[in-house]
Amino acid sequence: MNAADSQIDALLLPYIHATHEADSERLLATLVSEYVEPVIRQVIRSRLRARFDRQGRSSGNPDAEDLYSETLVQLLSRLKQLKASPEDKAIGDLRGYVAVLSYHTCYDYLRLKYPQRHNLKNKLRYLLTHRPGLALWENESGDLVGGFSAWREQTKARTRSDRLRQL
């Protein structure tokens, strides 16, 4: 194992070190079907509320299939680069890399499909972070919440007392 291998996800090492084209393609197909596809579909499902059937089709949302394909093409291109030059920009966590790539693809799609929504979102974020008395914060479940600064503490206190009541 060389120094570059220690920075690369162990799932990728057999693919990177495969010397025969047939072995390389087989290993890549296994990586995609077992580790990559589920992550991409999960991200698209959560971001677009799309459903996939067993064959990987999304009859209710054809854009979901396009996003899946676009993400996969980007990933395959990146993996080919990695195989050619493992020392450059190693992928230390394949699943994490795929998730981030999938989120970025979905984000770009939504930004282009709904430009006014994107613009409004940015304006609200700016307003909530630059006006005295207003705030933007994450709630306990990680969702962004915006409102008056005083609400932030009230929300925390109310959440704690609601949680205590539940217990």
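One can find the structure itself at the top, above this paragraph.
All residue numbers refer to position in the chain's written sequence, counted from 1. Reporting in this predicted model follows two pLDDT cut-offs: at least 70 for local features of residues, and 80 or more for side-chain atom pairs to be given and counted; totals over whole chains, interfaces and linings ignore these cut-offs and use all residues. Values reported for side chains reflect all heavy atoms of the structure, with hydrogen atoms and water molecules removed beforehand.

Student: With reference to specific residues and values, describe the nonpolar core.
Tutor: Counting residues in hydrophobic clusters, the biggest one holds 30 residues, and the most contacted among them are Leu12, Val36, Ile40, Ile44, Leu48, Leu79 and Val98. Segments assigned H or I by DSSP are reported as helices when at least four residues long, segments assigned E as strands when at least two residues long, and all are numbered from the N terminus. Of the residues forming this core, the biggest block, 9 residues, is contributed by helix 2 (residues 21-48). Whether two residues are in contact is decided by their heavy atoms: any pair within 4.5 Å suffices. Each residue touching Ile40, except ones within four places of it in the same chain, is listed here: Tyr68, Thr71, Leu72, Val98 and Ser102. Residues belong to a common nonpolar core when they are buried Ala, Val, Leu, Ile, Met, Phe, Trp, Tyr or Cys residues joined through side-chain atoms within 4.5 Å. Buried, partly exposed and exposed residues are distinguished by accessible area as a fraction of the type maximum, computed with a 1.4 Å probe on protein chains only: under 20%, between the cut-offs, and over 50%, respectively.

Student: Please provide a residue-by-residue account of the side chain of Thr71, values included.
Tutor: If you trace the backbone, Thr71 turns up in helix 3 (residues 62-84). A residue is classified by how much of its surface remains accessible, and Thr71, at 2% relative accessible area, is buried. Among the polar contacts made by the side chain of Thr71, one reaches the side chain of Thr105 at a distance of 3.3 Å. Once residues within four sequence positions are removed from consideration, Thr71 is found in contact with Ile40, Leu101, Ser102 and Thr105. Pairs of N or O atoms are called polar contacts if they sit within 3.5 Å, as long as, within protein, a hydrogen donor faces a hydrogen acceptor (for residues adjacent in sequence, only side-chain-to-side-chain pairs).

Student: Go over unusual backbone geometry, please, and point to the residues and values.
Tutor: The phi dihedral of Lys89 is positive, around 50 degrees, even though this residue is not glycine. One can find Lys89 in the loop between helix 3 and helix 4 (94-113).

Student: Now, about the packing of helix 2 against helix 4: what can you tell me, with residues and values included?
Tutor: It is the contact of helix 2 with helix 4, at a shortest axis distance of 9 Å, that shows an interaxial angle of 35 degrees. For the element pair helix 2 and helix 4, the recorded crossing hand is right-handed. Contacts from Leu31, Tyr35, Val36, Val39, Ile40, Val43, Ile44, Ser46, Arg47 and Leu48 in helix 2 reach Leu94, Arg95, Val98, Ala99, Ser102, Tyr103, Cys106, Tyr109 and Leu110 in helix 4. All residues other than Ala, Val, Leu, Ile, Met, Phe, Trp, Tyr, Cys, Pro, Asp, Glu, Lys and Arg, Gly among them, are scored as polar; the first ten of these are nonpolar and the last four charged. Classifying every residue of the contact of helix 2 with helix 4 gives 15 nonpolar, 2 polar and 2 charged. For helices, the axis comes from a line fit to the C-alpha atoms of the stretch in contact; other axes are also lines fit to C-alpha atoms, and the angle between any two N-to-C directions lies between 0 and 180 degrees. Crossings are classed by handedness, with left-handed meaning an anticlockwise turn of the near helix from the far one by less than a right angle and right-handed meaning a clockwise turn.

Student: Report on the layout of surface pockets, specifying residues and quantitative values.
Tutor: Space inside the largest pocket adds up to approximately 270 Å³. Contributing to the lining of the largest pocket are 13 residues, with Arg47, Tyr107, Leu110, Arg117 and Lys121 lying nearest its centre. At the level of elements, helix 4 and helix 5 (115-130) are the ones that each hand at least two residues to the lining of the largest pocket. In terms of residues, the lining of the largest pocket owes the most to one element, helix 4, which gives 6 residues. Across the lining of the largest pocket, the residue classes tally to 6 nonpolar, 2 polar and 5 charged. Of the two site types, the cavity is a set of points on a 1 Å grid over the protein atoms alone where a 1.4 Å probe fits but cannot get out, and the pocket is an open set with protein on both sides within 12 Å along at least five of seven lines, each lined by residues with an atom within 4 Å of a point. Grid points are joined across faces, edges and corners, and a volume is the space filled by probe spheres set on the points.

Function cannot be read off these values alone, since they describe shape.
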